[in-house]
Amino acid sequence: MSFSDTDSSSSYGGDYKNFKQITRDRLLIEMLRSCKTGDSTATWKVLIVDKLTLNIISHACKMSDTTDEGVSVVEDIVKRRQPMPSRDAIYFMQPTKENHIDGSLSNFLSLALICSVVMFLSDMSGRSPLYRKAFVFFSSPISRELVSHIKKDGTVLTRIAKLIEMNLEYCAIDSQAFVTNNERALEELYGDDEDSRKGVACLNVMAARVATVFASLREFPFVRYRAAKSLDATTMTTFRDLIPTKLAAGIWDCLMKYKTTIKNFPETETCELLILDRSVDQIAPIIHEWTYDAMCHDLLNMDGNKYAHEVPSKTGGPPEEKVVLLEDHDPVWLELRHTHIADASERLHDKMTNFVSRNKAAQIHGSRDARELSTRDLQKMVQALPQYSEQIDKLSLHVEIAGKVNRIIRELGLREVGQLEQDLVFGDAGMKDVINFFMTKEDTTGENKLRLLMILAAIYPEKFEGEKGLNLMKLAKLSPNDMNAVNNMRLLGGAPDTQKSTGAFSLKFDIHKKKRGARKERPSEGETWQLARFYPIIEELVENLSKGELSKEDYPCLNDPSPTFHGRSHVTAINHPPVAHSMRSRRTPTWARPRNSDDGYSSEPVLRHASSDFKKMGQRIFVVIVGGATRSELRVCHKLTAKLKREVVLGSSCLEDPAPFIADMVWADFSFFVQQLSQTVGEATQY
């Protein structure tokens, strides 16, 4: 038996690999392939996982990948399993630092963690173990007490071939994003729990899991975090104010342990980490994001990345349901996911037109010029050609999806809603505009009215205190639950800044002054589409961080940056200066401006060369957001990676879409803030 951490680096075979590729290689090469030793080489193995580690593997690898590495079956450790005494087993499971139920933590969580180890010992003990040998990999550091407990059983000890800390306890949901699977973080960290036990436990888990990202990549970061803000020097900070600070300290503690336990762990800083919480940008989870990816997850009834649709039956019967995954292995999805929905629709039509024009058989079925055919006509034409079914399946799928999304946009009047949302964010509209919208657009859905009011509450939290806020919500005909969501949105950002409210007074003297905006206009980067105006706050923060211009007062660093490190960052910025752009001009009345399409554009190069330039990039930037990240923030990380020539990796407790985020805000209880804020904030400013 060996007890050690795996010895790896950020590069297999010498080539620079992106975050998800490294995660995949660690699981397949370091874990599964490393078990092909001695007499176990020729036999198939059983992979035993718990709920979390199954999720980790599922996000990073395909089933065929594990099969290629000799895994014949994947089993759940808590379920009854058939004995396979002639086969070896690979256990990938969570350890626990406690060998008993600790009442100060969630009993269920502690029991689940202990259960994995207990089940392992039960599997491999006695005269008739379930498997011949066990290769044991723990997802995070294991306590000495638990190691001693495992060693007590001599029969189990002789059957353990390896006992290793993998230090990989996150889900790589994207080539540049991961989650820690703390889906209830918003409730546990911001809810009404005065002793903060759930919040402390949540942050401890998050810190340990985020730290395993740096263990996997062999990266040692400069740890920066959003500092707590208080109204004045006499105001006491709360647990909620200190969430980024506490998470930073927790991650730092884990990194210090890794320095002494992991081979080849860096002694000096190799990257930058910025820790934020959801209150840094309350609008991003609520506003309509107009990219193809965001629209699909916002408007379609998707289960994660699974999209279900009906396809014609091969036997001539009724249509059959088919479930597809919208993920990186789909080149069309990879090309279009971060483009504006209008741009995506236009490109899909171009691709259909090109397909028809290049295939004589398809042309025979069309009586008109392919350029004059609608996308639906083109889709029907190519679907009638069975010899092209494999080539056209994915393209037809996305034509169907884009068509459905555009239909929903029209039916719900989302263009008008989206325009008002963005006008609010940039200060071109205010509360009176929202009231007028509610009175003239009575057919607007309750959900969209709620989202408008939540955006308004994030920008003008003081306006929702007292009777006027209640009257506005009644005008929108919100239910009591939806009103709770608006109030929670107001409280999520903390106490209103009373200095901002003075801006309402100045409007009486300067009618041209803009209303309060949550964003400043940014220079346009190339051809833009209407409703592509919005950007998440992290875009500015990451750019400033990369240039060494992020405020040290607002975003202090646990380990003081050395001049050498930021010197390299600054040089990178100088070597790749941003292209000069004029300020964004007023949009045309149409909802989307056309772009010049490239008829020869193919998705394949996007997939094939997705990471070809990574070896040219500088040091990584990691951004961790407590309380859920959004698809707009993920889009920005991909955008900035290309712009800054530095891989930007997004991490969070979970990836939030509008519906689940709103549900969290509906049922959460942030009322703890009410008493606290009433002691520090005066009467709300009248509007």
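Basis of the calculations
- Residues numbered from 1 in each chain as written.
- Predicted model: local features only at pLDDT ≥ 70, side-chain atom pairs only at ≥ 80, totals over all residues.
- Heavy atoms only, no water.
- Helix = DSSP H or I, 4+ residues; strand = E, 2+ residues; numbered from the N terminus.
- Buried < 20%, exposed > 50% of the residue type's maximum accessible area, 1.4 Å probe, protein only.
- Contact = heavy atoms within 4.5 Å.
- Areas by Shrake-Rupley, 256 points an atom, 1.4 Å probe, with all protein chains shown as cover.
- Pairing = 2+ DSSP bridges.
- Phe/Tyr/Trp six-rings, centres within 6.5 Å; stacked < 30°, edge-to-face > 60°.
- Axes fitted to C-alpha atoms, helices over the stretch in contact; angles between N-to-C directions.
- Salt bridge = Lys/Arg side-chain N within 4 Å of Asp/Glu carboxyl O.
- Parallel < 35°, antiparallel > 145°, perpendicular 65-115°, else oblique.
- Left-handed = near helix turned anticlockwise from the far one by under 90°.
- Nonpolar A, V, L, I, M, F, W, Y, C, P; charged D, E, K, R; others polar.
- 1 Å grid on protein atoms, 1.4 Å probe; cavity = no way out; pocket = protein on both sides within 12 Å on 5 of 7 lines; lining within 4 Å.
- Points joined across faces, edges and corners; volume = space filled by probe spheres on them.
- Expected span 1.5 Å × (residues − 1).
- pLDDT = per-residue confidence, 0-100.
- Bend = angle between axes of the 7 residues up to and from the residue.
- Polar contact = N/O pair within 3.5 Å; in protein donor to acceptor, adjacent residues only side chain to side chain.

Enquirer: I tried to follow the overall build of the protein chain on my own but got confused; where do I start?
Expert: Looking only at helices and strands, the protein chain features 27 helices and 16 strands. A buried classification covers 52% of the 687 residues belonging to the protein chain. By sequence separation, contacts in the protein chain at least 24 residues apart represent 81% of the contacts at least 6 residues apart. Of the roughly 32100 Å² of accessible surface on the protein chain, 51% is carried by carbon and sulfur atoms.

Enquirer: What should I look at first to understand the pairing of strand E7 (residues 134–138) in this one?
Expert: On any regular strand, side chains alternate: one points to one face of the sheet, the next to the other face. E7 sits mainly inside the fold: 5 of its 5 residues count as buried. Relative to strand E8 (residues 160–165), E7 runs parallel, the two being bridged by 5 bridges. Across the sheet, residue Ala134 finds its bridge partner in E8, namely Ile160.

Enquirer: How do you make sense of the environment of Asp560 when you look at a structure like this?
Expert: Tracing the backbone shows Asp560 in the loop between helix H22 (538–547) and helix H23 (563–575). For the pair Asp560 and Val223, spaced 337 residues apart in sequence, the C-alpha separation works out to 8.9 Å.

Enquirer: Would you mind going over the packing of aromatic side chains with me for this structure?
Expert: For any pair of aromatic rings, geometry is given as the distance between the ring centres together with the angle between the planes. A full pass over the atoms with the stated rule returns 11 aromatic pairs. Relative to Tyr131, the ring of Tyr91 has its centre 6.3 Å away and its plane inclined at 75 degrees; by these criteria the two rings are edge-to-face. Separated by 40 residues along the polypeptide, Tyr91 in strand E6 (residues 88–93) and Tyr131 in the loop between helix H4 (107–124) and E7 bring together distant segments of the chain. Comparing Tyr91 with Tyr131 shows no difference in burial state: the two are buried. A ring pair is formed by Tyr292 and Trp333, whose centres lie 5.5 Å apart and whose planes are at 50 degrees; its orientation type is tilted. Placement of the pair is Tyr292 in helix H10 (residues 292–299) and Trp333 in helix H11 (residues 331–336), with a sequence separation of 41 residues. The exposure class of Tyr292 is buried, given its relative accessible area of 0%. A relative accessible area of 3% places Trp333 in the buried class. Through a chain of ring-to-ring contacts, three or more aromatic side chains come together here, namely Phe220, Trp252, Tyr258 and Phe265.

Enquirer: What's the story with the sheet that holds strand E10 (residues 177–179) in this structure? I'm lost.
Expert: Two strands in a sheet stick together by hydrogen bonds in their backbones, pointing the same way (parallel) or opposite ways (antiparallel). On the basis of which strands lie adjacent, the open sheet formed by 6 strands has the order E9-E10-E16-E15-E12-E11 and mixed pairing. For this open sheet the edge positions go to strand E9 (171–174) and strand E11 (221–225), each flanked by a neighbour on one side alone. Between one strand axis and the next, the sheet turns through 25 degrees on average, direction left out of account. Strand direction decides the pairing type here: E10 and strand E16 (residues 646–652), joined by 3 bridges, are parallel.

Enquirer: How should the pattern of salt bridges be read in this particular structure?
Expert: Two side chains of opposite charge can pair, provided their charged atoms sit close to one another. Enumeration over the complete set of coordinates arrives at 36 salt bridges. As a salt-bridge pair, Asp25 and Lys17 come within 2.8 Å of each other at their nearest N and O atoms. Of the charged contacts, one joins Arg631 and Asp657 as a salt bridge, the two residues approaching to 2.6 Å between their closest N and O atoms. Of the two residues, Arg631 sits in helix H25 (residues 631–644) while Asp657 sits in the loop between E16 and helix H26 (658–667), which places them 26 residues apart along the sequence. Residue class for Arg631 comes out buried when judged on its relative accessible area of 11%. Residue Asp657 is classed as buried on the basis of its relative accessible area of 14%.

Enquirer: How do you make sense of the packing of helix H18 (residues 446–459) against H26 when you look at a structure like this?
Expert: To characterise two packed helices, one gives the angle between the axes of the helices and the distance between these axes. Taken N-terminus to C-terminus, the directions of H18 and H26 make an angle of 70 degrees; their axes are 12 Å apart at the nearest point. Here H18 lies roughly perpendicular to H26, going by the angle between them. Judged by the sense of rotation from one axis to the other, the crossing of H18 with H26 is left-handed. Each of Leu450, Arg451 and Met454 in H18 lies in contact with H26, whose residues at this interface are Pro658, Ile662 and Met665. Of the residues belonging to the contact of H18 with H26, the class tally is 5 nonpolar, no polar and 1 charged.

Enquirer: Hey, could you run me through empty space enclosed by the protein in this one?
Expert: Empty space among the atoms becomes visible once a probe the size of a water molecule is rolled across them. Counted by the stated rule, this structure contains 2 cavities of 30 Å³ or more. Estimates place the volume of the largest cavity at around 100 Å³. Around the largest cavity, the lining residues are Ala284, Pro285, Ile287, Glu289, Ala294, Asp298, Thr630, Arg631, Ser632, Glu656, Asp657 and Pro658. Those elements that provide at least two residues to the lining of the largest cavity are H10 and H25.

Enquirer: What should I look at first to understand H25 in this one?
Expert: One full turn of an α-helix is made of 3.6 residues, so residues set three or four places apart face in the same direction. Counted at 1.5 Å a residue, the expected span for H25 with its 14 residues is 20 Å, and the 20 Å between its end C-alpha atoms agrees. Among the 14 residues that make up H25, 11 are buried, leaving the element largely enclosed by the rest of the structure. Turning to H25, its buried residues number three or more, namely Arg631, Ser632, Glu633, Leu634, Arg635, Val636, Cys637, His638, Leu640, Thr641 and Leu644. Looking one or two residues past H25, Lys645 carries a phi angle of roughly 60 degrees, positive in sign.

Enquirer: Help me understand the confidence of the model for the protein chain, please; the structure alone is not making it clear to me.
Expert: Close inspection of predicted coordinates is inappropriate in any region flagged by low pLDDT. Confidence in the prediction of the protein chain, expressed as mean pLDDT, is 80, and 73% of residues score 70 or more. Mean pLDDT across the secondary structure elements of the protein chain bottoms out at helix H21 (residues 503–506), with 32, and peaks at E10, with 98. Confidence over residues 497–512 falls short of pLDDT 50; this stretch has 9 contacts with residues more than four positions distant or in other chains. Residue range residues 563–613 is modelled with pLDDT below 50. Its contacts to residues more than four positions away, or to other chains, number 89 contacts.

Enquirer: Looking at this model, I keep getting lost on the packing of H18 against helix H20 (residues 480–492). Mind explaining?
Expert: One can describe the packing of H18 onto H20 by two numbers: an axis separation of 8 Å at closest approach and a directional angle of 25 degrees. For the element pair H18 / H20, the angle class is roughly parallel. Of the two possible hands of crossing, H18 and H20 adopt the one that is right-handed. Residues Leu450, Leu453, Met454, Ala457 and Ala458 of H18 form the contact with H20, whose participating residues are Asp482, Ala485, Val486, Met489 and Arg490. Of the residues in the contact of H18 with H20, the class split is 8 nonpolar, no polar and 2 charged.

Enquirer: Sorry, what's going on with helix H1 (residues 19–32) here?
Expert: For H1, built from 14 residues, the straight-helix expectation of 20 Å at 1.5 Å per residue is met to within 8% by its first-to-last C-alpha distance of 19 Å. Helix geometry: H1 is bent most strongly at Asp25, by close to 25 degrees. Counting buried positions along H1 yields 11 of 14 residues, so the element is predominantly enclosed. Taken residue by residue, H1 has Phe19, Lys20, Ile22, Thr23, Asp25, Arg26, Leu27, Leu28, Glu30, Met31 and Leu32 as its buried positions. Between the side-chain oxygen at the start of H1 and the backbone nitrogen of Lys20 there is a gap of 3.1 Å, and the oxygen is on Asn18.

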